[in-house]
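Report on the structure
If you want the building blocks of each chain, they are given just below.
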Amino acid sequence: MKASKLIEVFRRDIRDTVKPYFVSDDAALLYLNEAQIEAARRARLITDSTSPVATASVSAGDPDVEIDPRVVSIRRIRLASKTEQLRKIQAREMDAVNPGWDASTSQSTPCFAVLDYETNKIRLHPIPAVGDELQMTVVREPMNAMEINSEPEIAPRWHLSLIEWMKFRAYINDDTELYDEKKAARALGLFEQEFGPKRSASDEAFEYVEYHNIGEL
């Protein structure tokens, strides 16, 4: 369903159909984009193994690989030139099995991917001797923000449920006549029934590092 139609349904639901609107078109589109990001993060709705977000360039002699900040968790990871998966590991585990690993300058074919060494980066060990590419399966946020004539990236069966977040944002805004705490709470509750409660930043960061040990939370 196009963003324009979702906004039309949203306006009908909150009885904001006469100009000048209480919720501007720009604000409604902002709320819709927020809704899709919240839904994708809470329910891990977008799994990706093929887009540019799921790949990353590996440079010879450089152990650090930049990862797109839209990545929520990494499920699988390997070098494009190899068939076996890299072992995802934490820095403290590397310290235990290979003390001084991060000071080593030896170059070879990486076999470890250290996920918590630096934000938005993966540290490869050993240092790659030749250039390559990481190919991953990731859970990520939507690729692009929606425009008025585009559609959400998540599956169509969930599109209408995004409106509950939009209603929550409209009702919780105490600068308009729409402000209503009870309606806001009800809309948020319906959104969470579909997509789940919001996780803390620490829980999401924990999943990023620990997914290979615990699977889905």
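Residues numbered from 1 in each chain as written. Predicted model: local features only at pLDDT ≥ 70, side-chain atom pairs only at ≥ 80, totals over all residues. Heavy atoms only, no water.

Along the chain, Asp-132 falls in strand β10 (residues 132-140). Although Asp-132 lies buried, it forms no salt bridge, and the closest oppositely charged side chain, Lys-82, sits 6.9 Å away as judged by the N-O distance. There is a polar contact of 2.4 Å between the side chain of Asp-132 and the side chain of Ser-81. In contact with Asp-132, other than residues within four places in its own chain, are Ser-57, Val-58, Leu-79, Ala-80 and Ser-81. (Helix = DSSP H or I, 4+ residues; strand = E, 2+ residues; numbered from the N terminus. Buried < 20%, exposed > 50% of the residue type's maximum accessible area, 1.4 Å probe, protein only. Lys, Arg positive; Asp, Glu negative; His and termini not counted. Salt bridge = Lys/Arg side-chain N within 4 Å of Asp/Glu carboxyl O. Polar contact = N/O pair within 3.5 Å; in protein donor to acceptor, adjacent residues only side chain to side chain. Contact = heavy atoms within 4.5 Å.)

With that settled, the discussion passes to the environment of Ile-7. Mapped onto the secondary structure, Ile-7 falls in helix α1 (residues 3-14). Overall, Ile-7 belongs to the buried group, its relative accessible area being 5%. Between the alpha carbons of Ile-7 and Leu-32 there is a distance of 7.9 Å; along the sequence they are 25 residues apart.

A separate point is the packing of aromatic side chains. Counted under the stated rule, the structure contains four aromatic pairs. An aromatic cluster of at least three residues, connected via ring pairs, comprises Trp-165, Phe-168, Phe-191 and Phe-195. It is Arg-157 that lies over the ring of Trp-158; its NZ or CZ is 4.3 Å from the centre. (Phe/Tyr/Trp six-rings, centres within 6.5 Å; stacked < 30°, edge-to-face > 60°. Lys NZ or Arg CZ within 6 Å of the ring centre and 35° of its normal.)

In contact at an axis separation of 9 Å, helix α2 (residues 25-43) and helix α5 (residues 181-195) are set at 45° when each is read in the N-to-C sense. Relative to α5, the element α2 is oriented oblique. In the crossing of α2 with α5, the sense of the turn from one axis to the other is right-handed. Of the residues in α5, those touching α2 at Ala-35, Glu-38, Ala-39, Arg-42 and Ala-43 are Phe-191, Glu-192 and Phe-195. Here the contact of α2 with α5 is built from residues that sort into five nonpolar, no polar and three charged. (Axes fitted to C-alpha atoms, helices over the stretch in contact; angles between N-to-C directions. Parallel < 35°, antiparallel > 145°, perpendicular 65-115°, else oblique. Left-handed = near helix turned anticlockwise from the far one by under 90°. Nonpolar A, V, L, I, M, F, W, Y, C, P; charged D, E, K, R; others polar.)

Before going further, it helps to examine the side chain of Arg-11. Within the element layout of this structure, Arg-11 appears in helix α1. We classify Arg-11 as buried; its relative accessible area is 6%. In contact with Arg-11, other than residues within four places in its own chain, are Asp-16, Thr-17, Tyr-21, Val-23, Ser-24, Asp-25 and Ala-28.

Two numbers describe how helix α4 (residues 162-171) lies on α5: the axes approach to 8 Å, and their chain directions differ by 155°. When the axes of α4 and α5 are compared, the pair comes out roughly antiparallel. As α4 runs across α5, the sense of the crossing is left-handed. Together, Leu-162, Glu-164, Trp-165, Lys-167, Phe-168 and Tyr-171 of α4 and Lys-183, Ala-184, Ala-187, Leu-188, Leu-190, Phe-191 and Phe-195 of α5 make up the contact between the two elements.

The mixed open sheet is built from four strands, whose spatial order is β3-β8-β7-β5. Edge positions in the sheet fall to β3 (64-66) and β5 (87-89), since each of these pairs with one other strand and no more. Recorded for the sheet is a direction-independent mean angle of 35° between the axes of neighbouring strands. Sheet topology note: the β3/strand β8 (residues 121-125) ladder contains three bridges and is antiparallel. Its bridge partner being in β8, Val-65 is matched across the sheet by Ile-122. (Pairing = 2+ DSSP bridges.)

Following the sequence through the fold, Asp-26 ends up in helix α2. Using a relative accessible area of 66% as the deciding quantity, one classes Asp-26 as exposed.

The pairing of β5 with strand β7 (residues 112-118) spans three bridges and is classified as parallel. Note on β7: the bridge partner recorded for Ile-89 is Val-114. Here β7 pairs with β8 via four bridges, running antiparallel. Bridging from a neighbouring strand, Val-114 pairs with Arg-123 of β8.

A few words on the nonpolar core. Core analysis: the largest hydrophobic core is formed by 32 residues, its most contacted members being Phe-10, Ile-14, Val-23, Leu-32, Leu-162, Met-166 and Phe-191. For this core, the secondary structure elements donating two or more residues are α1, α2, α4 and α5. Considering each element in turn, this core owes the most residues, eight residues, to α2. Once you skip the residues sitting within four places of it in the chain, Ile-14 turns out to touch Val-23, Lys-167, Ala-170, Tyr-171 and Leu-178. Within the second largest apolar cluster, 20 residues are counted, among which are Ala-54, Val-58, Val-65 and Leu-86. (Core = buried A, V, L, I, M, F, W, Y, C linked by side-chain atoms within 4.5 Å.)

Note that all results are geometric; they support no functional claim without further evidence.
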